[in-house]
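# Observations on the three-dimensional arrangement
Below are the chains, spelled out letter by letter.
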Amino acid sequence: MKRTLGVCYYPEHWLETQWAEDAARMAKLGLTWVRIGEFAWSRMEPEPGRYDWAWLDRAIDTLGKAGLKVVLGTPTATPPRWMIDRHPDMVALDKDGKPRGFGSRRHYCFSHKGYRTECAKIVTALAERYGKNPHVAAWQTDNEYACHATTLSYSKAATEAFRDWLAQKYQSPDALNRGWGNVFWSMEYRDFNEIGLPNLTVTEPNPSHVMDFRRFASDEVASFNRLQTEILRKHSPYPIAHNYMGAITEFDHFATGADLDIASWDSYPLGFLSDRVPADPEHKRRFVRQGDPDFQAFHHDLYRAVGRGRWWIMEQQPGPVNWAPYNPDPLPGMARLWAWEAFAHGAEAVCYFRWRQAPFAQEQMHAGLLRPDSAPAQAFGEAETVAKELAAMPDVGTTKADVALIFDYASDWAWEIQPQGRGFSYFWLVFHIYKGLRRLGLNVDILPPDTGDLSAYKLVLAPGLFTLSDPLKAALVAHKGTSLLGPRTNSKTPNFSIPVPLPPNLPGLDARIARVESLPPDCPVPLTEGGALINWREKLEGSATVVEAAEDGWPALVAAEKLHYLAGWPDDTTLARILQRACAAEGIETDPLPEGLRRRDTATHRFLFNYNPVPADWGGVSIPPAGVHWSAL
Amino acid sequence: MKRTLGVCYYPEHWLETQWAEDAARMAKLGLTWVRIGEFAWSRMEPEPGRYDWAWLDRAIDTLGKAGLKVVLGTPTATPPRWMIDRHPDMVALDKDGKPRGFGSRRHYCFSHKGYRTECAKIVTALAERYGKNPHVAAWQTDNEYACHATTLSYSKAATEAFRDWLAQKYQSPDALNRGWGNVFWSMEYRDFNEIGLPNLTVTEPNPSHVMDFRRFASDEVASFNRLQTEILRKHSPYPIAHNYMGAITEFDHFATGADLDIASWDSYPLGFLSDRVPADPEHKRRFVRQGDPDFQAFHHDLYRAVGRGRWWIMEQQPGPVNWAPYNPDPLPGMARLWAWEAFAHGAEAVCYFRWRQAPFAQEQMHAGLLRPDSAPAQAFGEAETVAKELAAMPDVGTTKADVALIFDYASDWAWEIQPQGRGFSYFWLVFHIYKGLRRLGLNVDILPPDTGDLSAYKLVLAPGLFTLSDPLKAALVAHKGTSLLGPRTNSKTPNFSIPVPLPPNLPGLDARIARVESLPPDCPVPLTEGGALINWREKLEGSATVVEAAEDGWPALVAAEKLHYLAGWPDDTTLARILQRACAAEGIETDPLPEGLRRRDTATHRFLFNYNPVPADWGGVSIPPAGVHWSAL
Amino acid sequence: MKRTLGVCYYPEHWLETQWAEDAARMAKLGLTWVRIGEFAWSRMEPEPGRYDWAWLDRAIDTLGKAGLKVVLGTPTATPPRWMIDRHPDMVALDKDGKPRGFGSRRHYCFSHKGYRTECAKIVTALAERYGKNPHVAAWQTDNEYACHATTLSYSKAATEAFRDWLAQKYQSPDALNRGWGNVFWSMEYRDFNEIGLPNLTVTEPNPSHVMDFRRFASDEVASFNRLQTEILRKHSPYPIAHNYMGAITEFDHFATGADLDIASWDSYPLGFLSDRVPADPEHKRRFVRQGDPDFQAFHHDLYRAVGRGRWWIMEQQPGPVNWAPYNPDPLPGMARLWAWEAFAHGAEAVCYFRWRQAPFAQEQMHAGLLRPDSAPAQAFGEAETVAKELAAMPDVGTTKADVALIFDYASDWAWEIQPQGRGFSYFWLVFHIYKGLRRLGLNVDILPPDTGDLSAYKLVLAPGLFTLSDPLKAALVAHKGTSLLGPRTNSKTPNFSIPVPLPPNLPGLDARIARVESLPPDCPVPLTEGGALINWREKLEGSATVVEAAEDGWPALVAAEKLHYLAGWPDDTTLARILQRACAAEGIETDPLPEGLRRRDTATHRFLFNYNPVPADWGGVSIPPAGVHWSAL
């Protein structure tokens, strides 16, 4: 396969007289893709029912004739102002019950039936008109589902849809009461219509209630997306993508992904480091202009799984952005490094966001490949370099890894609902494990929680899984390699109760969690072999072999043959030791890397990425700051 | 008297087939009491007016026949879902005007007349049925009044009740305007119906307005409770208790306590240390598995006063809880130590919360004496030890102290309304003084603010009292021992104005507060004898003897004979010196204790408690971590 | 001109029997002015339409006969309770849509037409009665516009008025859509009535939308004030003032000031240091009892500009206040120092707030010249000293400075809307530059952003200006001295877009901002000559001379002849170097002062102010803590 570059473009933002020149420059730069349309509803349908396609016809024609392939977005993330008049209650309500106002984006409620009908109409019209247009080559549904915390709506529409969803699931209020344990505080319902959303309660609501609301809300995203994919498929043969965001877990991307052909994500390494990656100040300072060395790779591996192998970067940060707490300039070279890291992880395409910096409105301080005055910005030349390098290089392919890491969106909801200790996060636990693997130079495959076949992997990790699915449980039983589960893995029933017999209930492993404790950051629990458990640990009992123990005697890691259970959150030292031991047992070569240097092997090449602001020497190679080095395997 | 143990139990949470075995195990463990019923309204009255007592009859019968005595709770803290349909406006409104939703607990407004009628009905039904049941031996009203900040409601019901309360108090709007000083910002009212609640104002509301609202809200709790006690007494001879919480001061416990026979409180030492005790990080780290060494003792002494001598622990933390920021496992032995600390302070009974950890709903991560799989948890064995020790030991009795400390709920409201310096808290000022006393090995009696007889005490402390009541003023005049008042003591009129002549206006003490200042934490004011005043100090003038002074010459402690006034918040050094001087003057023996070791003398025994995670040596005795040592006096 | 002292007085707070004695003491103390009336609406008009002037007649008469001149305030900041019944929707709504309740002050919405009518009525009545009263000598409109963040209202009245304002400005929705770039996220409007206020959006609203809302809101303050000044001028020859607050920029004071004769401000040095001056902890600790050494001077210079030369202190802190996070006692002498700092900056009058500390209501802990018991408080004697010193001294005059600093309220709105890096504040950038100038011993004139003549100044600074006005641009072109612009100066069009060609677009300076970056506090960018840029920097390109550069090669300061552009936020070291170089070039003598010592030259005298808690030696003079030293020039 040919790896390709692209860009996001908004013809409606510019004078039509500019389009042809823009298109020609894109093509000359070596770009293949141009994504358009996803925010242009007010231009496609300026008044209810009156469509204006002429401008879009001309834009697609201009781009296509320049040799570019168009990714066409459905505009449903930004319903125009008139939609509010037609459906005043289509807006989502926030947790406090306040309506989310018009004037930015993503103000719709996923559960509003009237809005869904409007979406079906515009998508149908778009699909009918462009579904077989020769310049269009792919679709994007909506834009960044869940961005700005928009999955959950506390509206009347959501309440009613949630009741229907519960009635389908439980069939009787009694079954729901038993499932949720509503007897606990006299919370029993006599009718599904008595059930509300779990906001504004005096103290915490029932976690089972919240968990079902989270599942429901995730299902609403999937069905909203499916409404569009079904229409698009009816009218068009082109593959369909959605552009996900980083570190956003409000809905199950695997479920939505099942209706799509391509997973894509919007990668803003500096924005994410400033805004959401938890790290100590020194780490944030060191990588302020490069981004976290693992955050992108983690998402690449995750979205490769969500896309069942097919995935893109739909938006790649090209320079300073506008939305993070601090918005530094990337180190020269990073716009190239980030693209190559994506290709090394199997990306089919990397599209920069955006072609030209818009001088107006919310994102006017967001860099593009061009400045507002159309002069090339820093990333323009780096994109050009990547385009030339791609042209000169055979496809690097992708590769299977020896190590698999399970990722489950529902588990992130579960521990957000019940952290039990301040800040316990499933997402960051998994990312912590991922970083540990990547610091050892390992390729990692991320797998969904219902994976039924692990035979391709020597080492499988499943930390923090709320419940073990039946297929995964069976696959673990059949697995011949090493597996490492815990902490918290399989510690709840699907109804969000503690199972009896006590968890983790792993086949063949005689271990029970007698109790758990969460700990402040300044109270690590030292282990006998060095390092410590932090944040969280569990008191295990049972006859499983104790592989590691705390100084106070509590088991820290137990095993039955190759099945391991980790009874806490390991610090870096502990994690490295445990992973190296597991790799050694499975004959997986590890390559502990210096700070900020990362490695990724493809089918044909070994890539080294230097995220440091200083040169890195490794394996006889010296790599400059922001440098990429590859060698054939 | 025989000190006893008990447990909280929820038969409605478990299969009926399990009850008899549970009851037998409780009895075998040595428990006397089983508290039930307080969250079971939806089972007692599944539909409006339709009662179901059969299950509760059987539960009480089963427990009673096993030899246990039942404490039966009124279920009014958790009205069922149908109540909302009958009285949609019965929910409290928060400060922002948002209704507090169904789905957890304590969502009712104390002022809603319809809800009060419903409460009277269920309490009457309960009292009629079980008021003379031979297995029932005590009542509990509601559950943890004020928990989750539920005293104040900004509802229509509360507004109307507040207006009535004000009309009763002031009789005319003019009197109210004068009392509050409403001329200040043209805030004058022409009619009681013009008066609103003091929320949502642009800047701070009139403190007199807020103070009256706080008094009103406290009175509402008392009358809500009295509604129940009057019904219970009509039908039942058994004593009535309520279970208060720690560090909760939203209502006047003395006022509510006047209608009860027994005060009880719910003691969660680790949860409280993590969640609410202000302390430096090192202190929090050191005592993370033991709890603050004084927090429990303070509440024991406080609730002994609230209960006029009769008090219990109604809920005792047995292991990790679920609700604090961090929830560590208690050090082995603490579930025993905490019980003995309570008995040494005169508790009649200590009930662990709860029998078996519930695997479902909000508190599924809250430990019990049993694990969810019915195996004994850590505290089970410790409770067993305590039961045996109690059986082997004569009653330790209680004892009067030489030192009295006044505690006044209204003063906590006052300084919360007008801290004048960030974080000035009456509660923590009094606790600070209490800690200073306890570090000297002293027994302390806490007294209500209308105490009229101090003759039993050699040393009386009354820091921070908003106003001095007439009885207390008279008692201080008559007091032959040393008294120590201030800072801020008697600095306001009951209407929340500064009195003229200027405070503190203490009989015989020529001292006036010329002005006050609040200080940032990094600006201590050094005293000539060492130590400093922190947070707060007052500039005194007058001819009273200056006992201590600041380096800048302001008096820090003044006296007229044995009546002392402290003109600021003393740091630990200053506090120790002042207390030791006062004790020496009164011939009270002090015994400055090492960190984390605490002492309590009863009528018959001296108890030493080691709250440290390491052994403590004292007076020739070595006490292990979490250890208790007693010797006959 | 004779500099004078005054005091704020509330006859309605005191028994009428007290007035004469108070007035006599004021006169004896040497006070000239007494400000009254601004919170007394409920006494002036106890019921709608029924006026009661008798008490006010007598109060003015009593004060006037004692020889005092009255400043009479309009009472519109505190509409009485009955106003809410007449106009329930007159209250402002906060950003969340919550109504701002009665019970404190400033609860009105500036856009409410009914409330404006009520204000016109009371002001007319007041002006008719007292407009020519011989004891009245000046007016004050309302009180502290914008205090407690009261400029912005999200009410229906504001929404409708905003739509009218927009329609006037843009004339067509299409013009507005183009101006704001509403095509960006399908935010286009078809009618002005579709436009809402920019609150409650899902993510940030369009900055152009917010900027116009801020301009509108500022205009509403100006027209509200003008409504009053027009009435007052019709009936009275006396000058009109308003009392502004410190560090409050919600509305354009220059615009409001254009309708006034005198600018005045309320100076609370300790409250401001505790509450709003950003500084490191050591600075806050050192000046805890003195206030920031530059904060008052900055406002003096600012309000001298707002008042076009005529300005007062309407409220001067006399002792501890009640409203800051911490409220320490001023160092003895500060109430004198603050007054002299004001006079040295040209104040016509300094009025202490307030005569006697009110023992009731919200400000009962706010010191006055008298204590609640009428004894003199600390500041009483200091005011007496100032009065005597004023009497003994010829007028010190004021003086023009060599250095001018532009201040623009709209720029503060702009960068609050679009900080681009956390905490970027225009106000504190300008203050940072001001401090740099004052540390060099310089007099500074602050000028409005539409200044058209800079010929009086050798050095002109204009940091952070959102846009350059045409007059200022012309004045800069004509300016023969040195000018220093940037960072961010002129970086936007009036519509809040990035201009093309790229900013700063300064005449004769070939420099363009290729891109900008915001930086965390721990990421300074070192410069080759020492020091660093912090928080913010810009990448410049163009042929302008590079005067300073960063170590990574980016220009930091560029120039074309005497026009300089600074490409970032300078740290103290860098700022001092740049300012000293500029002063040297212009022959301006600098006098780098020791910490906490400040200097101000008037037409006749050189003043030195010691803000330190320790003595300061300078130029052969030793000045005690809180001391003032002057010498004839």
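Model, not experiment: these values are computed from the prediction. (Residues numbered from 1 in each chain as written. Chains lettered and ligands numbered in written order. Predicted model: local features only at pLDDT ≥ 70, side-chain atom pairs only at ≥ 80, totals over all residues. Heavy atoms only, no water.)

## Things to note about the overall build of chain A
Along its length, chain A carries 18 helices and 24 strands. Against the compact-globule benchmark of 26 Å for 633 residues, chain A has a radius of gyration of 25 Å, which places it among compact chains. Based on the C-alpha atoms only, the size of chain A along its principal axes is roughly 75 × 70 × 40 Å. Of all 633 residues assigned to chain A, the portion counted as buried reaches 69%. For chain A, contacts bridging at least 24 residues in sequence account for 72% of all contacts bridging at least 6. (Helix = DSSP H or I, 4+ residues; strand = E, 2+ residues; numbered from the N terminus. Rg over C-alpha atoms; globule rule 2.2 N^0.38 Å. Buried < 20%, exposed > 50% of the residue type's maximum accessible area, 1.4 Å probe, protein only. Contact = heavy atoms within 4.5 Å.)

## Observations concerning the side chain of Asn133(A)
Position of Asn133(A) among the secondary structure elements: in the loop between helix H5 (113-130) and strand S4 (136-140). Those residues in contact with Asn133(A), other than ones at most four positions away along the chain, are Ile60(A) and Tyr238(A).

## With respect to the layout of surface pockets
Residue and element names in this part refer to chain A. The computed volume of the second largest pocket comes to approximately 830 Å³. Lining the second largest pocket are 34 residues, and of these Pro-278, Ala-279, Asp-280, His-432 and Asp-572 lie nearest its centre. Those elements that place two or more of their residues in the lining of the second largest pocket are helix H11 (281-286), helix H16 (426-439) and strand S15 (532-541). Element by element, the count of residues in the lining of the second largest pocket is highest for H16, at 5 residues. Considered class by class, the residues forming the lining of the second largest pocket number 15 nonpolar, 8 polar and 11 charged. (1 Å grid on protein atoms, 1.4 Å probe; cavity = no way out; pocket = protein on both sides within 12 Å on 5 of 7 lines; lining within 4 Å. Points joined across faces, edges and corners; volume = space filled by probe spheres on them. Nonpolar A, V, L, I, M, F, W, Y, C, P; charged D, E, K, R; others polar.)

## A short note on the relation of the copies chain A and chain B
Superposition of the two copies of the chain requires a rotation about an axis and a shift along the axis. It takes a turn of 120 degrees to lay chain A on chain B, together with a shift of 0.0 Å along the axis; the resulting RMSD is 0.0 Å. In symmetry terms, the pair is related by a three-fold rotation axis. (Least-squares fit on C-alpha atoms with pLDDT ≥ 70 in both.)

## Description of the sheet that holds strand S21 (residues 605-610) of chain A
Residue and element names in this part refer to chain A. The 3 strands are arranged S20-S21-S24 in an open sheet whose pairing can be described as antiparallel. A strand with exactly one partner marks an edge of an open sheet, and here the two such strands are strand S20 (597-601) and strand S24 (628-632). Pairwise comparison of adjacent strand axes, ignoring direction, gives a mean angle of 15 degrees for this sheet. Judged from the 5 bridges that link them, S21 and S24 form a sheet pairing that is antiparallel. Across the sheet, Phe-609 pairs through a bridge with Val-628, a residue of S24. (Pairing = 2+ DSSP bridges. Axes fitted to C-alpha atoms, helices over the stretch in contact; angles between N-to-C directions.)

## Focus: unusual backbone geometry
Cis peptide bonds are those with omega within 30 degrees of zero, and the linkage from Gly486(A) to Pro487(A) qualifies with -5 degrees. Looking at the element boundaries, Pro487(A) is found in the loop between strand S12 (482-485) and strand S13 (512-518). At the junction of Pro503(B) and Pro504(B), the peptide bond is cis and its omega measures out at 10 degrees in the coordinates. Inspection of the secondary structure puts Pro504(B) in the loop between strand S12 (482-485) and strand S13 (512-518).

## Some details on the interface of chain A and chain C
At the interface, 55 residues of chain A touch 47 residues of chain C. Summed over both partners, the interface of chain A with chain C comes to about 4400 Å²; 55% of that surface belongs to carbon and sulfur atoms. Linking chain A with chain C are 4 salt bridges, by the criterion used here. Between Arg289(A) and Glu517(C) there is a salt bridge, and its shortest N-O distance comes to 2.4 Å. In this structure, the connection of chain A to chain C is made through 22 residue pairs in polar contact (both at pLDDT 80 or more). Secondary-structure elements contributing two or more residues to the side of chain A that touches chain C are helix H2 (41-44), helix H4 (81-86) and H11 of chain A. Counted by class, the side of chain A that touches chain C contains 24 nonpolar, 15 polar and 16 charged residues. (Buried area = accessible area lost by both parts, 1.4 Å probe. Salt bridge = Lys/Arg side-chain N within 4 Å of Asp/Glu carboxyl O. Polar contact = N/O pair within 3.5 Å; in protein donor to acceptor, adjacent residues only side chain to side chain.)

## Re helix H15 (residues 409-417) of chain B
Residues and elements named next belong to chain B. In terms of burial, H15 is a largely internal element, 8 of the 9 residues being buried. Buried within H15 we find Tyr-409, Ala-410, Ser-411, Asp-412, Trp-413, Ala-414, Trp-415 and Ile-417. Looking at the buried positions of H15, the neighbouring elements they touch are helix H8 (207-235), helix H9 (253-257), helix H12 (295-306) and helix H16 (426-439).

## Here's the deal with the environment of Gln140(A)
Residues and elements named next belong to chain A. Following the sequence through the fold, Gln-140 ends up in strand S4. Separated by 210 residues in the primary sequence, Gln-140 and Val-350 have C-alpha atoms spaced 15 Å apart. Once residues lying within four places of it in the same chain are set aside, the contact partners of Gln-140 are Arg-35, Glu-38, Val-71, Leu-72, Gly-73, Thr-74, Ala-241, His-242, Asn-243 and Met-314. A distance of 2.7 Å separates the side chain of Gln-140 from the backbone oxygen of Asp-142, its partner in a polar contact.

## Topic: the sheet that holds strand S9 (residues 403-406) of chain B
All names here are of chain B. In spatial order, the strands read S10-S9-S11-S12-S18-S17-S16; together these 7 strands make up an open sheet with mixed pairing. Two strands lie at the open edges of the sheet, namely strand S10 (444-447) and strand S16 (545-549), each paired on one side alone. If you compare each strand with its neighbour and ignore which way they point, the axes differ by 20 degrees on average. Alignment of S9 against strand S11 (residues 459-462), held across 3 bridges, turns out to be parallel. Across the sheet, Leu-405 pairs through a bridge with Leu-461, a residue of S11.

## Quick look at the pattern of salt bridges
Counted by the stated rule, this structure contains 162 salt bridges over all chains. Overlapping salt bridges, with partners in common, bring together Asp292(A), Asp294(A), Glu341(A), Lys435(A), Arg438(A) and Arg598(A) in one network.

## Some remarks on the pairing of strand S1 (residues 4-8) of chain B
Residue and element names in this part refer to chain B. For S1, a buried count of 5 out of 5 residues is recorded, marking the element as mostly surrounded by other parts of the structure. Residue alternation in S1 divides its side chains into two sets, Thr-4, Gly-6 and Cys-8 and Leu-5 and Val-7, and both sets are buried. Of the pairings in the sheet, the one linking S1 to strand S8 (residues 349-352) comprises 4 bridges and is parallel in character. Residue pairing across strands places Thr-4 opposite Ala-349, the latter belonging to S8. As judged from the 3 bridges shared by S1 and strand S2 (residues 33-36), these two strands associate in the parallel manner. For Val-7, the partnering residue across the bridge sits in S2 and is Val-34. This β-α-β element, S1 to helix H1 (residues 19-29) to S2, shows right-handed connectivity. (Right-handed = clockwise from strand over helix to strand, strands pointing away.)

## Here's the deal with the confidence of the model for chain A
Put simply, chain A has an average pLDDT of 97, and 100% of its residues get 70 or more. For this predicted complex, the interface confidence reaches an ipTM of 0.97, while the overall pTM sits at 0.97. (pLDDT = per-residue confidence, 0-100.)

## Remarks on the state of the cysteines
Residues and elements named next belong to chain B. On inspection of all chains with the given rule, the structure shows 0 disulfides over all chains. Between Cys-8, a free cysteine, and Cys-351, which holds the nearest cysteine sulfur, the sulfur-to-sulfur gap is 5.8 Å. Of all cysteine sulfurs, the one in Cys-119 lies closest to Cys-109, which takes part in no disulfide; the gap is 11 Å. (Disulfide = S-S within 2.5 Å.)

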